[in-house]
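Structural description and commentary
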Amino acid sequence: MFITKERRVNASHQISKKEKNKSVYVEYAKVLDIKKFPDEQYIIRLHAPKSAKFSTPGSFIHLQCGSMLLRRPFSIMLSSKKEGWIDILYKVVGDGTKSLSSVKIGDSLSLMGPIGRGFTLNKKFDLPLLLGGGVGIPPIVFLAKLLKSDKNYNPLVLMGSEIPFPFTTQPSAIMLKGLPNDVIAGMPLMESWQVASRLCSKNNFPGCYEGYVDEFARIWLNSLEQAELSRVAIFSCGPEPMLKAVASLAKEFSLPCQISLEEHMACAVGGCAGCNVKVYTEKGESMQRVCVDGPVFFSEEIYG
């Protein structure tokens, strides 16, 4: 299925193919802080001034993990241009991340970054709906921070996880219409930014919606008047089944939707084409590289 004329109008803020980071830097990043969470999840703060200065929500770094031959890609969760640091979140799932879990504060890690084309905004859509799942949470956190800095936007952040969240949840003090009153669990960082957030899981976590994040998002979207719905755009990152469900949700409500993909990468700078994905365009199908042509695409480009 190709992008229809109606869908092109809805996605009038389509990401320009020229919106890519022109420079990728190699730097040795000092480990400033390490936080460990249940199920071998970690947040590491790295002093990486170049990556911090030029990163945007959706961009990532390619990080050397111990003696592993190939670097590993990690989405940037937060950055401070002034102080020159970036935060990454990861879960131990293989040899690379296992090696990374052994680093200590003060160690130096070689990285390349920032890489990739991130999310783009349009003030016409001032009710952004941010959906994050599992290790797809970092770009959503980064995007929420950016939106918080612009008073034009009033975002809602919904996050899902089937393992404990990489933070201590807390009851949200921000009331939301159209959502069940007993779903009150939120992310403390979002609360501190005065950004509305709610959490979802299938594992009976206290205060969370019992179901998937796209199901919870549908409840909120169904509660909106048409005038409000016309102001919504969806931004999402998470596992592929979640992204497919979010893409279907966006199509159901005729909403523009940007998704950040996660793929295995070798070079991360477009040379090896190992992260190619099929993309649907007006001219037909084409293959594009997640590392430099993405990782952010419109959902209809990937799922038709």
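For the structure itself, look to the data block above.
1. Some thoughts on the packing of aromatic side chains
Scanning the model with the defined rule gives seven aromatic pairs in all. Taking 5.9 Å as the distance between ring centres and 65° as the angle between the ring planes, the aromatic pair formed by Phe74 and Tyr90 counts as edge-to-face. Within this pair, whereas Phe74 is found in strand 4 (residues 72–80), its partner Tyr90 is found in strand 5 (residues 85–91), the two being separated by 16 residues in sequence. Comparing Phe74 with Tyr90, the two get one shared label, buried. Look at Tyr209 and Phe216: their rings are 4.6 Å apart centre to centre, the planes differ by 15°, and that puts the pair in the stacked class. The structure contains a cluster of three or more aromatic residues connected by ring pairs, namely Tyr42, Phe74 and Tyr90.

2. As for the environment of Leu109
Structurally, Leu109 can be placed in strand 6 (residues 108–115). Expressed as a C-alpha distance, the spacing of Leu109 and Leu199, which sit 90 residues apart in the sequence, is 33 Å.

3. As for the pattern of salt bridges
Scanning the entire structure with this criterion turns up ten salt bridges. Residue Glu40 pairs with Lys98 through a salt bridge whose shortest N-O separation is 3.6 Å. Here Lys98 lies in helix 3 (residues 95–100) and Glu40 lies in the loop between strand 1 (25–37) and strand 2 (41–47), a separation of 58 residues in the sequence. A salt bridge links Arg231 to Asp126; its shortest N-O distance comes to 2.8 Å. You can see Arg231 sitting in the loop between helix 7 (226–229) and strand 13 (234–237) and its partner Asp126 sitting in the loop between strand 6 and strand 7 (129–133), a full 105 residues away along the chain. Overall, Arg231 belongs to the partly exposed group, its relative accessible area being 31%.

4. Section: the sheet that holds strand 14 (residues 257–260)
Across the sheet, seven strands lie side by side as 12-11-8-7-13-14-17; this open sheet has mixed pairing. Either end of the sheet is taken by a strand with one partner, and the two such strands are strand 12 (209–210) and strand 17 (296–298). Relative to strand 12, strand 11 (residues 196–201) runs parallel, the two being bridged by two bridges. Its bridge partner being in strand 12, Ser201 is matched across the sheet by Glu210. On top of the sheet, helix 4 (residues 137–148) reaches strand 7, strand 8 (156–160) and strand 13; it is set at about 155° to strand 7, its chief contact.

Cut-offs applied
All residue numbers refer to position in the chain's written sequence, counted from 1. Local features are withheld for residues below a pLDDT of 70 in this predicted model, meaning they are given only at 70 or higher, and side-chain atom pairs are given and counted only at 80 or more; totals for whole chains, interfaces and linings count all residues. Based on all heavy atoms of the structure, the side-chain values leave hydrogens and waters out of the count. Pairing of aromatic side chains requires ring centres within 6.5 Å, counting the rings of Phe and Tyr and the six-membered ring of Trp. Pairs whose planes differ by under 30 degrees are stacked, by over 60 edge-to-face, and all others tilted. Per the convention used, a helix needs a DSSP run of H or I reaching at least four residues, while a strand needs a run of E reaching at least two, with both numbered from the N terminus. Under the scheme applied here, a residue whose accessible area is under 20% of the maximum for its type counts as buried, over 50% as exposed, and between as partly exposed, the area being computed with a 1.4 Å probe on protein chains only. Definition used for salt bridges: Asp or Glu carboxyl oxygen within 4 Å of a side-chain nitrogen of Lys or Arg. We treat two strands as partners when DSSP finds at least two bridges between them. Whether two residues touch is decided by their heavy atoms; if any such pair falls within 4.5 Å, the residues are in contact. Each axis is a line fitted through C-alpha atoms, taken for helices only over the stretch in contact, and angles between the N-to-C directions span 0 to 180 degrees.

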